[in-house]
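# Descriptive analysis of the structure
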Amino acid sequence: MILGCARFSMSRWSRGEAVSIATIHAALDAGVRHLDTADSYHDGGGPAHDNERLVARALASWRGGDRDDVLVATKGGRAHAADGSWPRDASPAALRRTCEESLLALGVERIGLYHLHGIDDAVPFEESLGALVDLRSEGRIARIGVSNLDADELATARAVVGDVACLQDPLSPSRLDHLELASSCPVPFHAWAPLDGVRTDEEARAFPAFTVAAERLGLTARQVTLAWLRSLGADVTPIIGPVDPTELAESLAAPERLDPEDLRTLPGRRSRKRACAVVLRGDTILMVEQTVGGRVWWTLPGGGIEAGESALDAARRELREETGLEATSLTWLCDAPCAIHLAEVPADHEPALDPDRPDADELTGVAWRPLAEVADDLQVRVVLAALAPR
């Protein structure tokens, strides 16, 4: 996990510098090697770079390991005003100035990871990114990250920057709008404010899926949340924000992952595109299967190949008729990574419309096996189609 340090410098949450530094030391002693800060993490209107200086003092006084093994990520392009607002200034001049100030505050010659803290609508996005590319070329920062972007904005950032190190976006039980992006993100996804909605037991009651799972597993709702986030993908990492060693210990005790059975009742991953498989034997389409995020979405009995149609044409027509979508690509597949239902589907078969229902064998009562094991034996062919997003 990543240790988010923002709350150490905000009087609303801070327990004081001694406790804050003790928490940072405890995280480092436990093996955390990524600290997250920003020039704007301070009380509104307070001294800029205050949190960075605190992180620097904590690292300077830590005796448990090599400070050079710790990645410190900071950000620029966003301020914290006295009225509590977060105005943005991501002009190249401002980013260069704040980066230089961050270097001084952290006491380093090069920042390991520097984030653009968000898009400034008054500045062309590409100009802000270009400023960070220049700072990287000059050796002032090692890697570039981005924060608070959607999928299209991330694509723009990757086109300008090239190697974007990671994306920071909010993701929590109460903020699921980036769930799809997290599950399919082309760069590592760092979830900020991951415990929003479950920070206290009282708040967590509004999210019974997490509290019920916690009771069943003997965990807290916060621990279930952190494990759920990490189960969304190998590159999804929560940025925890404990204010003292006790909160830190609870977060670090969360399981690395949740079992599929435990994930069924929690918000699940979804693909940006849906995939369909059409199973054919001779001139008969046995069935159409659609999956979302690796789960069976529905199955439908297929029809025959009409006169003059090729098998691919028939598959395309079947997909159009059954889904209302045009296939953007059709590929013969003999080693599908997902399980394909290869039995002839009864005429009265009911489609499985709910992606959160149990596995397909429980829905249909028939065996499901990986296609690679049975395709040749059953003399079937499969067309795998990528569909345009619904």
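See the structure shown above.
In this report, we go over the structure that sits alongside the text. (Residues numbered from 1 in each chain as written. Predicted model: local features only at pLDDT ≥ 70, side-chain atom pairs only at ≥ 80, totals over all residues. Heavy atoms only, no water.)

Okay, the pattern of salt bridges next. Inspection of every chain in the model, using the stated rule, returns twelve salt bridges. Linking Asp 163 and Arg 143 is a salt bridge whose minimum nitrogen-to-oxygen distance equals 3.1 Å. Here Arg 143 lies in strand E5 (residues 141–147) and Asp 163 lies in the loop between helix H5 (151–161) and strand E6 (164–170), a separation of 20 residues in the sequence. Overall, Asp 163 belongs to the partly exposed group, its relative accessible area being 46%. The residue Arg 257 makes a salt bridge to Glu 256 at a minimum N-O spacing of 3.4 Å. Bridged by salt links that share partners, the residues Asp 201, Arg 222 and Glu 250 form one connected network. (Salt bridge = Lys/Arg side-chain N within 4 Å of Asp/Glu carboxyl O. Helix = DSSP H or I, 4+ residues; strand = E, 2+ residues; numbered from the N terminus. Buried < 20%, exposed > 50% of the residue type's maximum accessible area, 1.4 Å probe, protein only.)

Bringing the packing of helix H1 (residues 17–29) against helix H2 (residues 50–61) into the picture now. At their nearest, the axes of H1 and H2 sit 10 Å apart, and the two run at 60° to each other. Classed by the angle they form, the pair H1 and H2 counts as oblique. As for the relative orientation of H1 and H2, their crossing is right-handed in sense. Taken together, the residues of H2 that come into contact with H1 (itself represented by Glu 17, Ser 20, Ile 21, Ile 24, His 25 and Leu 28) are Leu 54, Arg 57, Ala 58, Leu 59 and Ser 61. Looking at side-chain class alone, the contact of H1 with H2 contains six nonpolar, three polar and two charged residues. (Axes fitted to C-alpha atoms, helices over the stretch in contact; angles between N-to-C directions. Parallel < 35°, antiparallel > 145°, perpendicular 65-115°, else oblique. Left-handed = near helix turned anticlockwise from the far one by under 90°. Contact = heavy atoms within 4.5 Å. Nonpolar A, V, L, I, M, F, W, Y, C, P; charged D, E, K, R; others polar.)

The values reported here are purely geometric and, on their own, carry no functional implication.
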